Amino acid sequence: MQNTDLEDFTQRIEHMLLFQLTLNLKHGKLSVEDAQKIAKAYLSFKPNSKEELLESLITLGRTYIVIEPVVAAFSKEYDKEFKEKVLSQMKNNLDQGNIDAAVQAGKQGGLQ
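Criteria and thresholds
- Residues numbered from 1 in each chain as written.
- Predicted model: local features only at pLDDT ≥ 70, side-chain atom pairs only at ≥ 80, totals over all residues.
- Heavy atoms only, no water.
- Helix = DSSP H or I, 4+ residues; strand = E, 2+ residues; numbered from the N terminus.
- Rg over C-alpha atoms; globule rule 2.2 N^0.38 Å.
- Contact = heavy atoms within 4.5 Å.
- Areas by Shrake-Rupley, 256 points an atom, 1.4 Å probe, with all protein chains shown as cover.
- Lys, Arg positive; Asp, Glu negative; His and termini not counted.
- Charge placed at Lys NZ, Arg CZ, Asp CG, Glu CD.
- Patch = residues over 30% accessible without salt bridge, like charges linked within 9 Å, V, L, I, M, F, W, Y side chains within 5 Å.
- Salt bridge = Lys/Arg side-chain N within 4 Å of Asp/Glu carboxyl O.
- Buried < 20%, exposed > 50% of the residue type's maximum accessible area, 1.4 Å probe, protein only.
- Core = buried A, V, L, I, M, F, W, Y, C linked by side-chain atoms within 4.5 Å.
- Phe/Tyr/Trp six-rings, centres within 6.5 Å; stacked < 30°, edge-to-face > 60°.
- Axes fitted to C-alpha atoms, helices over the stretch in contact; angles between N-to-C directions.
- Parallel < 35°, antiparallel > 145°, perpendicular 65-115°, else oblique.
- Left-handed = near helix turned anticlockwise from the far one by under 90°.
- Nonpolar A, V, L, I, M, F, W, Y, C, P; charged D, E, K, R; others polar.

(A) Representation of the overall build of the protein in the model. When helices and strands are tallied, the protein shows five helices and zero strands. From first element to last, N terminus to C terminus, the protein shows the α and β order α-α-α-α-α. By the compact-globule yardstick of 13 Å for 112 residues, the protein is too spread out, its C-alpha radius of gyration being 18 Å. Taken along its principal axes, the extent of the C-alpha atoms in the protein is 60 × 25 × 15 Å. Residue pairs in contact within the protein that sit at least 24 positions apart in sequence constitute 53% of those at least 6 positions apart. When the accessible surface of the protein is split by element, carbon and sulfur atoms take 54% of a total near 7900 Å². Averaging the locations of the 14 positively and 16 negatively charged side chains of the protein gives two centres separated by 5 Å.

(B) Broad picture of a nonpolar patch on the surface. On the surface, Leu94, Ile99 and Val103 cluster together into a nonpolar patch covering about 280 Å² of accessible area. Along the polypeptide, Ile99 turns up in helix H5 (residues 99-108).

(C) Just the side chain of Asn93, in detail. Tracing the sequence through the fold places Asn93 in helix H4 (residues 68-95). With relative accessibility at 18%, the residue Asn93 sits in the buried group. For Asn93, the contacting residues outside a window of four places in its chain are Asn98, Ala101, Ala102 and Ala105.

(D) Just the nonpolar core, in detail. Ile13, Ile38, Tyr42, Leu57 and Ile67 are the most contacted members of the largest nonpolar core, which totals 21 residues. Those elements giving two or more residues to this core turn out to be helix H1 (2-26), helix H2 (32-44), helix H3 (50-63) and H4. Here Ile38 is in contact with Leu17, Leu21, Leu30, Leu60, Tyr64, Val66 and Ile67, once residues within four sequence places are set aside.

(E) Focus on the packing of aromatic side chains. Counted according to the given criterion, the structure contains three aromatic pairs. Each ring, one from Tyr42 and one from Phe45, has its centre 5.3 Å from the other, and the planes form 70°; the classification is edge-to-face. A relative accessible area of 17% means that Phe45 is categorised as buried. With 6.3 Å between their ring centres and 20° between their planes, Tyr78 and Phe82 make a pair best called stacked. Here Tyr78 pairs with Phe82, and both are found in helix H4, just four residues apart, close to one helical turn. Classification of Tyr78 as buried rests on a relative accessible area of 17%.

(F) Layout of the packing of H3 against H4. Contact geometry for H3 and H4: axes closest at 10 Å, N-to-C directions at 150°. As judged from the angle between their axes, H3 and H4 are roughly antiparallel. Considering how the two elements wind past one another, H3 and H4 form a crossing that is left-handed. Judged by residue contacts, Lys50, Glu51, Leu54, Leu57, Ile58 and Gly61 of H3 engage Val70, Val71, Phe74, Ser75, Tyr78 and Glu81 from H4. Class assignment of the residues belonging to the contact of H3 with H4 gives a composition of seven nonpolar, two polar and three charged.

Here it is in structure tokens:
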């Protein structure tokens, strides 16, 4: 299931990235050469997780500001998903009466 999540995440990023490249080319904010560089760089990513993909995208976004909307959208989505996962782990621990494990999960997830 995790692989399917990564594939879906990757595909949605690709669609938004393509949209941003096309939009910026159309409005003259990006050269064809830079659009090709961005696309080639993105296609070279071989992530094993959403986190790795997002880190690579953030790094690429530092070089090419035109993809910032893509970086922002997917960073926000990933952060929300991560927090929900941590909260779910905390809830499961609390449901089992394991308060220390719930607190520890929250701390490890950055919730304090």
